[in-house]
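Residue strings, one per chain:
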Amino acid sequence: MTGTSGLDVGSDWKRFMGKHWRTVATFVVAAILAVGSAVYVFLWFVGDAQSTGLVPRTLGLWTMANLVSFILNAIFWELLLVGIPIVVAVVVAWLLWERLSNDEMRGYRLFRKRSRTSRGGGGVSLFFFIAFCIKVYLDGNWNVPISTWTLNYVVGSMVLILEWTLIILGIPAAIAVVWWTRHVMKKP
């Protein structure tokens, strides 16, 4: 009984691909072009950033200001030159998907329920990077080349950021635990 459900999904996809193969092929080519253009835009931006003086050619001379400026400019150009065409393509795909008749959509059963597991944790890295940027700025090392920083400075900064995080998150968490414990203990 469990073996037939996998065959049903495969045959639904086969029927869909057989009927709409031109559209699927067009979107596969568009995805390949999008990835290629994203790489090309990044390589163009890296070369341009060095030649215009946005960042030094030698990595040892980069400052935190150079790093943040480089990241923000790279995101801007990627969104402008690659992101906007991708959004247009997604809108076109959505409009094409909506043009399918309801009978055809019900006949395929392409998307089944999936497990609710997800891969999270990307926000923690961003949080620590922003906190490190704030620490470097407050220390007055914003325009100091990164190569001059000692290992003790970087590790000490990370430990201090971890302490800040534990204090900022730990105090409300401790209050919540004490409140919850007292609330549970008062129940008859």
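Above this text you will find the structure in question.
Quick summary incoming for the structure in this document. Since the structure is predicted, the reported quantities are computational estimates derived from the model, not experimental observations.

**A look at the pattern of salt bridges**
A side chain of one charge can pair with a side chain of the opposite charge if their charged atoms are brought near each other.
Here's step 1: Under the counting rule described, the total for this entry stands at one salt bridge.
Here's step 2: Ionic pairing is found between Asp-139 and Lys-135, a salt bridge with its closest N-O pair at 2.4 Å. Highlighted residues: Asp-139 and Lys-135, both in helix H5 (residues 122–139), separated by four residues, approximately one helical turn.
Here's step 3: The exposure class assigned to Asp-139 is partly exposed, which follows from its relative accessible area of 35%.
Here's step 4: Since its relative accessible area comes to 10%, Lys-135 is described here as buried.

**Points about the side chain of Thr-165**
Here's step 1: Along the chain, Thr-165 turns up in helix H6 (residues 151–186).
Here's step 2: A distance of 2.9 Å separates the side chain of Thr-165 from the backbone oxygen of Ile-161, its partner in a polar contact.
Here's step 3: Apart from residues no more than four positions distant in its own chain, Thr-165 is found in contact with Phe-127, Phe-128 and Gly-170.

**Regarding the packing of helix H2 (residues 21–52) against helix H3 (residues 64–99)**
Each packed pair of helices is defined by two parameters, the angle between the axes and the distance between the axes.
Here's step 1: Across the interface, H2 lies against H3 with an axial gap of 9 Å and an inter-helix angle of 170°. Classified by the interaxial angle, the pair formed by H2 and H3 is roughly antiparallel. Residues Thr-23, Phe-27, Ala-34, Ser-37, Ala-38, Val-41, Phe-42, Trp-44, Phe-45, Val-46 and Ala-49 of H2 touch H3, and the partners they reach there are Phe-70, Asn-73, Ala-74, Trp-77, Glu-78, Leu-81, Val-82, Ile-86, Ala-89, Ala-93 and Leu-96.
Here's step 2: For the contact of H2 with H3, a count of residues per class yields 18 nonpolar, three polar and one charged.

**Concerning the layout of surface pockets**
Here's step 1: Its boundaries defined by the atoms lining it, the second largest pocket holds a volume of some 180 Å³.
Here's step 2: Phe-27, Ala-30, Ala-31, Leu-33, Ala-34, Ser-37, Leu-81, Val-82, Pro-85, Ile-86, Ala-89 and Val-90 together form the lining of the second largest pocket.
Here's step 3: Residue assignment for the lining of the second largest pocket shows that the elements contributing at least two residues are H2 and H3.
Here's step 4: The residue makeup of the lining of the second largest pocket, split by class, is 11 nonpolar, one polar and no charged.

**Notes on the nonpolar core**
Here's step 1: Among the nonpolar cores identified, the biggest contains nine residues, and these are Met-64, Val-68, Ala-131, Phe-132, Cys-133, Val-136, Trp-149, Tyr-153 and Ile-161.
Here's step 2: Of all the secondary-structure elements, those providing two or more residues to this core are H3, H5 and H6.
Here's step 3: For this core, the element with the highest residue contribution is H5, accounting for four residues.
Here's step 4: Setting aside its immediate chain neighbours within four residues, Val-136 contacts Met-64, Asn-141, Trp-142, Trp-149 and Tyr-153.

**Quick word on H2**
Here's step 1: Look at H2: 46 Å from first C-alpha to last across 32 residues, which is about the 46 Å you get at 1.5 Å a residue.
Here's step 2: Taken together, the buried positions of H2 are Ala-34, Val-41, Phe-45 and Ala-49.
Here's step 3: Buried residues in H2 make contact with H3.

**Notes on the environment of Leu-162**
Here's step 1: As for its position among the elements, Leu-162 is in helix H6.
Here's step 2: Its relative accessible area of 43% is what places Leu-162 among the partly exposed residues.
Here's step 3: Sequence separation between Leu-162 and Phe-128 is 34 residues, and the spatial gap between their C-alpha atoms is 8.4 Å.

**Regarding a nonpolar patch on the surface**
Here's step 1: Side chains of Tyr-40, Trp-44, Phe-76, Leu-80, Leu-81, Ile-84, Val-88, Val-92 and Leu-96 sit close together on the surface and give an oily, nonpolar patch of about 820 Å² of accessible area.
Here's step 2: Among the secondary structure elements, those contributing two or more residues to the nonpolar patch are H2 and H3.
Here's step 3: Counting residues per element, the nonpolar patch draws most heavily on H3, which supplies seven residues.
Here's step 4: In this fold, Leu-96 is placed in helix H3.

Cut-offs and rules
- Residues numbered from 1 in each chain as written.
- Predicted model: local features only at pLDDT ≥ 70, side-chain atom pairs only at ≥ 80, totals over all residues.
- Heavy atoms only, no water.
- Salt bridge = Lys/Arg side-chain N within 4 Å of Asp/Glu carboxyl O.
- Helix = DSSP H or I, 4+ residues; strand = E, 2+ residues; numbered from the N terminus.
- Buried < 20%, exposed > 50% of the residue type's maximum accessible area, 1.4 Å probe, protein only.
- Polar contact = N/O pair within 3.5 Å; in protein donor to acceptor, adjacent residues only side chain to side chain.
- Contact = heavy atoms within 4.5 Å.
- Axes fitted to C-alpha atoms, helices over the stretch in contact; angles between N-to-C directions.
- Parallel < 35°, antiparallel > 145°, perpendicular 65-115°, else oblique.
- Nonpolar A, V, L, I, M, F, W, Y, C, P; charged D, E, K, R; others polar.
- 1 Å grid on protein atoms, 1.4 Å probe; cavity = no way out; pocket = protein on both sides within 12 Å on 5 of 7 lines; lining within 4 Å.
- Points joined across faces, edges and corners; volume = space filled by probe spheres on them.
- Core = buried A, V, L, I, M, F, W, Y, C linked by side-chain atoms within 4.5 Å.
- Expected span 1.5 Å × (residues − 1).
- Patch = residues over 30% accessible without salt bridge, like charges linked within 9 Å, V, L, I, M, F, W, Y side chains within 5 Å.
- Areas by Shrake-Rupley, 256 points an atom, 1.4 Å probe, with all protein chains shown as cover.

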